[in-house]
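Here is how the chains run, residue by residue.
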Amino acid sequence: MATEYFSSDFTLGILGGGQLGKMMLYETRKFDIRTKVMDASDEAPCKIACDEFVIGSLMDYDAVYNFAQNVDVLTIEIENINLDALEKLEHEGKKVFPPTKALRIIQNKAKQKLFYLDNGIPTADFSRFAYKSEIEDSVLNGGLEFPFIWKAAQFGYDGQGVKVVRKLEDLEDLPAGECIAEEMIAFKNELAVIVSRSISGEVKTYPVVEMEFHPEANQVEYVICPARIDAKVAEKAREIALKVSEKIKHVGLLAVEMFQTKEDHILVNEVAPRPHNSGHYSIEASYTNQFEQHIRAILDLPLGKTDSKVAGIMVNLVGAEEHTGDVVYENIDEIMAMEGVTPHIYGKKQTRPFRKMGHVTIVNEDISVARRIAQAVKEKIKVISK
């Protein structure tokens, strides 16, 4: 019964206490759903917003297993979790969403790519290597050609664990373990589609968004909704995202990141089984934001309307390059004076270069006006240290 969730002893457990969890907690507060969160950091953004906060490593079997003992449903806000503990909990009847089976595919990028191949999902050509040293052999034997994208099989995030390799020297400082070498795609656009899937199989997709990247940091600078692309391309992107969702059999949200090639083919880059940076615009711009939708899906409540009420652009606020220490948001009052601008500050007290510290949403009836204001926001606000 859905009524058991609201203003009751029902407890939702969230593994991970970062900004995604914090934004999820806005929604559990709205519905008066009790929450318990675990994170390794005593200063995690979630700490102030949940009913119970536990300090523990997400990769520690016992910490994850023990945390889940007195929660009714368990979800995640980051993929790097001890999956053996989750699997044991599932076998014991604990409700874990997304299911461990889906997380096993997604947590390892090599497995993820092989999964696309096995299921006829279009993706860039790649080679899988158990050790980085094998890449050099492959290059010298003519099996692999420069340039290519190196990706660590596990634990990459926010531009970490990904590098463009143009010559052998570029491999020198990279970790030695399992990795993939992926063909560099000449693409027009990077797109993303968020798919929501409930326990009973109700499925909805959000509109296709377009991502503009920072050239050095390999991080998203702008997320633009709706994407400025042809309707046929958008339809193709949504169809492929739905296929990925159906094959992975996740529950909750699945963010599917894609390339639109010069010939308008759609290739899947990678997926994330949780609320995602590409969906932050939805807090201000959508009928149902991605965080509320995730809660609805994992509790098997009816999914909300995913349409946008208005065009939205999201700008990431990341730490300025020469600044480490206590954070200061320079000129934040000036961006708040601009029309349709809402800042979100994640609650990380310490900044460092390229650390995600917050985001700003710009909404406007006209996407081109929103994009101009987004540019002004980006140029004005600076995330610096004292």
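I will try to describe carefully the structure that is included in this document. Note that the coordinates shown come from a computational prediction; the quantities given were computed from them, not determined experimentally. (Residues numbered from 1 in each chain as written. Predicted model: local features only at pLDDT ≥ 70, side-chain atom pairs only at ≥ 80, totals over all residues. Heavy atoms only, no water.)

### Some words on the overall build of the chain
Then, in step 1: A tally of helices and strands in the chain yields 11 helices and 21 strands.
Then, in step 2: For the chain, whose C-alpha radius of gyration is 21 Å, the value lies close to the compact-globule estimate of 21 Å for 386 residues.
Then, in step 3: Here the C-alpha coordinates of the chain stretch approximately 65 × 55 × 45 Å along the principal axes.
Then, in step 4: Residue burial in the chain is summarised as follows: out of 386 residues, 55% are buried.
Then, in step 5: Of the contacts formed within the chain by residues at least 6 apart in sequence, a portion of 63% connects residues at least 24 apart.
Then, in step 6: Within the structure as shown, the chain displays about 16,800 Å² of accessible surface, and the carbon and sulfur contribution to it stands at 49%.
Then, in step 7: Both charge centroids of the chain, one from 46 positive and one from 60 negative side chains, sit 3 Å from each other. (Helix = DSSP H or I, 4+ residues; strand = E, 2+ residues; numbered from the N terminus. Rg over C-alpha atoms; globule rule 2.2 N^0.38 Å. Buried < 20%, exposed > 50% of the residue type's maximum accessible area, 1.4 Å probe, protein only. Contact = heavy atoms within 4.5 Å. Areas by Shrake-Rupley, 256 points an atom, 1.4 Å probe, with all protein chains shown as cover. Lys, Arg positive; Asp, Glu negative; His and termini not counted. Charge placed at Lys NZ, Arg CZ, Asp CG, Glu CD.)

### Concerning helix α4 (residues 100-107)
Then, in step 1: Of all eight residues making up α4, six are buried, and the element is well covered by its neighbours.
Then, in step 2: Within the sequence span of α4, burial applies to Thr100, Ala102, Leu103, Ile105, Ile106 and Gln107.

### Quick notes on the sheet that holds strand β6 (residues 126-129)
Then, in step 1: The four strands are arranged β6-β9-β7-β8 in an open sheet whose pairing can be described as antiparallel. Edge positions in the open sheet fall to β6 and β8 (162-165), since each of these has one partner strand only. Between one strand axis and the next, the sheet turns by 20° as a mean value, whatever way the strands run.
Then, in step 2: Judged from the four bridges that link them, β6 and strand β9 (residues 179-183) form a sheet pairing that is antiparallel. Bridging from a neighbouring strand, Ser127 pairs with Ala181 of β9.
Then, in step 3: Relative to the sheet, helix α5 (residues 109-118) contacts β6, β7 (148-152) and β9, its axis offset from that of β6 by approximately 140°. (Pairing = 2+ DSSP bridges. Axes fitted to C-alpha atoms, helices over the stretch in contact; angles between N-to-C directions.)

### Re the sheet that holds strand β17 (residues 325-330)
Then, in step 1: Sheet architecture is open: three strands sit in the order β19-β17-β21, paired in antiparallel fashion. Each of the sheet's edge strands pairs with one partner strand only, and the pair in question is β19 (350-351) and β21 (382-385).
Then, in step 2: Judged from the four bridges that link them, β17 and β21 form a sheet pairing that is antiparallel. Following the sheet pairing, Val328 is matched in β21 by Ile384.

### Brief notes about a negative patch on the surface
Then, in step 1: A cluster of acidic side chains, namely Glu134, Glu136, Asp137, Glu169, Glu172 and Asp173, defines a negative patch on the protein surface.
Then, in step 2: By the element assignment, Asp173 lies in the loop between β8 and β9. (Patch = residues over 30% accessible without salt bridge, like charges linked within 9 Å, V, L, I, M, F, W, Y side chains within 5 Å. Salt bridge = Lys/Arg side-chain N within 4 Å of Asp/Glu carboxyl O.)

### Details of the packing of aromatic side chains
Aromatic ring pairs are described here by two measures, namely the spacing of the ring centres and the angle between the planes.
Then, in step 1: Taken as a whole, this structure holds seven aromatic pairs when the rule is applied.
Then, in step 2: Seen in terms of ring centroids, Tyr5 and Phe6 are 6.3 Å apart; in terms of plane orientation they differ by 80°. Their pairing is edge-to-face.
Then, in step 3: Given a relative accessible area of 31%, Phe6 falls into the partly exposed group.
Then, in step 4: Taken together, the ring pairs connect Tyr5, Phe6, Phe10 and Phe31 into an aromatic cluster.
Then, in step 5: The ring of Phe67 is capped by Lys36, whose NZ or CZ atom sits 4.9 Å from the centre of that ring.
Then, in step 6: Over the ring of Tyr287 we find Lys305; its NZ or CZ atom is 4.2 Å from the centre of that ring. (Phe/Tyr/Trp six-rings, centres within 6.5 Å; stacked < 30°, edge-to-face > 60°. Lys NZ or Arg CZ within 6 Å of the ring centre and 35° of its normal.)

### Observations concerning the environment of Glu257
Then, in step 1: Its location among the elements puts Glu257 in strand β14 (residues 252-261).
Then, in step 2: Taking the C-alpha atoms as reference points, Glu257 and Asn269, 12 residues apart in sequence, are found 5.5 Å from one another.
Then, in step 3: In this structure, Glu257 is in contact with Leu191, Ala192, Met211, Leu267, Val268, Asn269, Glu270 and His276, ignoring residues within four places of it in sequence.
Then, in step 4: Here the side chain of Glu257 touches His276 through a polar contact of 3.2 Å, side chain to side chain. (Polar contact = N/O pair within 3.5 Å; in protein donor to acceptor, adjacent residues only side chain to side chain.)

### Description of the side chain of Lys22
Then, in step 1: Within the secondary structure, Lys22 sits in helix α1 (residues 19-31).
Then, in step 2: For Lys22, which is buried and forms no salt bridge, the nearest opposite charge comes from Glu77, at a distance of 11 Å.
Then, in step 3: There is a polar contact of 3.5 Å between the side chain of Lys22 and the backbone oxygen of Tyr346.
Then, in step 4: Excluding its chain neighbours within four sequence positions, the residues that come into contact with Lys22 are Pro45, Cys46, Ile345, Tyr346 and Gly347.

Spatial relationships are all this shows, so hold off on functional conclusions.
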